[in-house]
Every structure is written in structure tokens, then in C-alpha cells.
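The chain contents come next:
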Amino acid sequence: MTELSASGQGQADARTAELAQRLAAVRSRIASAAVDAGRGGRLPALIVVTKFHPAEDIRRLASLGIRDVGENRDQEAAAKALELADLALTWHFVGQLQTKKAKSVARYASAVHSVDRPQLVDALAKAVRNEREASGRAPLDCFIQVSLEDQKHDGGAHRGGAAPAEVPALAERIAGSEGLNLAGVMAVAPLGAPPEPAFEKLAGISAGLVAAFPAATAISAGMSQDLEAAIKFGATHLRIGSDILGSRPAVG
Ligand SMILES: *Cc1c(COP(=O)(O)O)cnc(C)c1O
């Protein structure tokens with residue numbers, strides 16, 4: 001209803017109108033799923049994953065009220081964060097992360113959703129400590145990415161993440177690192193399998209984590225194709241890309 005006026009650009013450009021329409025459709029799916037899940041008015045946070053889309057689209061999304069954006073490649077994210085430094089955005093890093101990129105990510109990211117090994121915890125802790133001294137940045141929210149692949153049927157399509165058995169030790173390590181905040185768990189549903197059993201498993205892993213770390217209640221789950229299933233099993237953070245931005249353009 002406010003698509004055009006919210007753009008703030010008078011004669012709104014066609015892309016802003018398209019994004020507003022897609023965003024409204026996704027928000028309505030989220031609201032219905034929350035009702036179906038009996039969650040009442042408690043909606044999960046919406047992170048719009050903008051990878052491969054230009055910084056100008058993020059500016060349009062910001063004009064539509066979006067604050068949380070997700071990226072999965074450091075080089076691209078760092079460039080966009082610099083270009084959009086005038087906007088009050090919260091950057092979520094959601095992709096596989098090499099330890100050597102930790103320093104760069106600590107400059108712009110508020111959260112990393114893909115923490116999956118001890119070396120990465122240590123690299124992020126060091127980078128955040130340095131960045132806190134240099135710029136006084138806030139603590140970094142860390143989500144432990146858990147692999148939900150059925151080991152027997154993996155077929156090599158590994159999508160990243162720690163094995164469930166590795167979660168307690170990773171949690172201890174994050175919680176014991178100054179500058180890192182243990183937020184909770186994150187997962188990507190396995191390819192070619194129904195998402196419900198995977199997200200149900202993630203909810204169980206989350207419950208185990210919360211028993212030991214009561215504040216680590218976040219569950220980052222749900223993408224364009226499976227947000228309803230994720231909400232059903234308690235997702236607190238959705239990571240939605242293509243249903244809001246359209247199919248990803250070829251990398252130029
Ligand atoms: C790209 C990506 C998303 C968004 O996926 P869509 O299917 O485009 O909604 C979410 N999470 C991660 C980790 C991603 O890499």
C-alpha cells in the first residue's frame with residue numbers, strides 16, 4: 001500500500017516498485033506462516049540476502065524500510081558496505097568464510113551466520129578485538145552453522161556447517177571469546193530433501209544449546225523456498241534472497 005510513497009523518489013523507479021511488491025508478498029507469507037505456527041504476533045527477523053545484486057538495490061530496499069542485509073562473499077560485501085556507509089544498515093555475513101577474511105568481515109559485519117570451526121572462532125575473535133580497539137565496534141553476533149545433511153545420502157552435496165556433535169565445543173569457544181556473542185544456530189536445508197525434518201532437527205540442536213547457554217536462542221533458518229517450514233520449527237532469523245530480489249544476475 002505504501003510502495004510508491006515509501007520510495008522517496010517522487011516518480012518511483014520501476015525497480016523500487018518491483019522490490020516493494022516482492023517484499024510485500026514475502027512479508028505476507030511470513031505473517032501467514034507465523035499464524036499457522038501459532039506464533040501469534042511474534043515474527044522472525046527478515047534478513048534480505050542481496051548477494052550478486054547491485055548496491056543500488058540495497059539502497060532501494062533501505063528506502064522500503066529494510067535494515068538487515070545478508071551477503072556471502074567478503075569482497076562483494078566489503079565494497080557494498082563502503083558504498084552504502086551513509087545508510088544505517090546491519091550487515092550479516094552468511095557464506096563460507098576463510099580465516100584470512102576475518103579481519104575484513106570484522107570491519108562491517110554485525111553478525112556471522114556461518115561459524116563452523118574452531119580456527120574461524122579464533123580468527124574472528126582476534127579480528128574483532130583489533131577492530132574494537134581501532135573503532136570501538138560492538139561485539140560480533142556468532143551463529144554456529146550446523147550441517148543437516150544426512151551423512152548416508154550426502155552424495156557430495158555438502159553445504160557447509162559443523163556436525164551436530166561439534167556444536168557444544170564450538171559454543172564454549174565462542175562464549176569464552178571476548179568480543180564474540182553466541183547468538184544461536186544456523187542451517188541451510190539439505191538439497192533434494194523435504195525441509196521439515198531438517199528444521200525439526202535444528203530445533204532440537206537449538207534446544208540443547210539453549211540448555212547450556214540460555215541467551216543463545218537465535219535460529220537462523222529459512223530461505224525463499226522453505227521459509228514456511230523454518231517458521232514452523234522456530235526460526236528467529238530468515239535469510240531471503242531471490243523471492244525479494246528476483247533471480248541472481250550473472251556475475252559481471
Ligand atoms: C543465497 C543464500 C540465501 C538466500 O537464498 P534464496 O534462496 O535466494 O532466498 C540464504 N542463506 C544463504 C547461506 C545463502 O547463501
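Up top is the structure these notes are about.
Residues numbered from 1 in each chain as written. Predicted model: local features only at pLDDT ≥ 70, side-chain atom pairs only at ≥ 80, totals over all residues. Heavy atoms only, no water.

**Q** Even after reading the chapter, I still don't get a positive patch on the surface, so can you show me in this structure?
**A** Taken together, the side chains of Lys 103, Arg 107, Lys 126 and Arg 129 present a region of like positive charge at the surface. Looking at the positive patch, the elements with two or more residues in it are helix H5 (102-108) and helix H6 (118-135). Looking at the secondary structure, you find Arg 107 in helix H5. Classification of Arg 107 by relative accessible area gives exposed; the value is 52%. (Patch = residues over 30% accessible without salt bridge, like charges linked within 9 Å, V, L, I, M, F, W, Y side chains within 5 Å. Areas by Shrake-Rupley, 256 points an atom, 1.4 Å probe, with all protein chains shown as cover. Salt bridge = Lys/Arg side-chain N within 4 Å of Asp/Glu carboxyl O. Lys, Arg positive; Asp, Glu negative; His and termini not counted. Charge placed at Lys NZ, Arg CZ, Asp CG, Glu CD. Helix = DSSP H or I, 4+ residues; strand = E, 2+ residues; numbered from the N terminus. Buried < 20%, exposed > 50% of the residue type's maximum accessible area, 1.4 Å probe, protein only.)

**Q** Would you mind showing me how to read the packing of helix H2 (residues 14-36) against helix H3 (residues 55-63) here?
**A** The description of two packed helices rests on the angle between their axes and on the distance between the axes. Relative to each other, H2 and H3 sit at 60°, their axes nearing to 10 Å. In this view, H2 runs oblique relative to H3, as classed from their interaxial angle. Regarding H2 and H3, the two cross each other, and that crossing is right-handed. Where H2 abuts H3, its residues Arg 15, Thr 16 and Leu 19 lie against Asp 57, Arg 60, Leu 61 and Ser 63. The residue inventory of the contact of H2 with H3, partitioned by class, reads two nonpolar, two polar and three charged. (Axes fitted to C-alpha atoms, helices over the stretch in contact; angles between N-to-C directions. Parallel < 35°, antiparallel > 145°, perpendicular 65-115°, else oblique. Left-handed = near helix turned anticlockwise from the far one by under 90°. Contact = heavy atoms within 4.5 Å. Nonpolar A, V, L, I, M, F, W, Y, C, P; charged D, E, K, R; others polar.)

**Q** Got a minute to help me understand the layout of surface pockets in this structure?
**A** To find the voids left in a structure, one rolls a probe of water-molecule size over its atoms. As a volume, the second largest pocket reaches approximately 260 Å³. Looking at the second largest pocket, it is lined by 19 residues, and the ones nearest its centre are Trp 91, Ala 106, Arg 107, Tyr 108 and Ala 109. Broken down by secondary-structure element, the contributors of at least two residues to the lining of the second largest pocket are helix H4 (74-83), H5, strand E4 (109-115) and H6. Here the lining of the second largest pocket takes four residues from H5, the largest share from any one element. A per-class count over the lining of the second largest pocket returns 13 nonpolar, three polar and three charged. (1 Å grid on protein atoms, 1.4 Å probe; cavity = no way out; pocket = protein on both sides within 12 Å on 5 of 7 lines; lining within 4 Å. Points joined across faces, edges and corners; volume = space filled by probe spheres on them.)

**Q** Looking at this structure, I do not really get the site of the ligand. What am I missing?
**A** Around the ligand sit Val 49, Lys 51, Val 94, Met 186, Met 223, Ser 224, Arg 239, Ile 240, Gly 241, Ser 242 and Arg 248, and that is every residue in its neighbourhood. Arg 239 has a polar side-chain atom sitting 2.9 Å from a nitrogen atom of the ligand. Compared with its free state, where it exposes 390 Å², the ligand has 90% of that area covered by protein. Per-class residue counts for the shell around the ligand are five nonpolar, three polar and three charged. (Near = heavy atom within 4 Å. Polar contact = N/O pair within 3.5 Å; in protein donor to acceptor, adjacent residues only side chain to side chain.)

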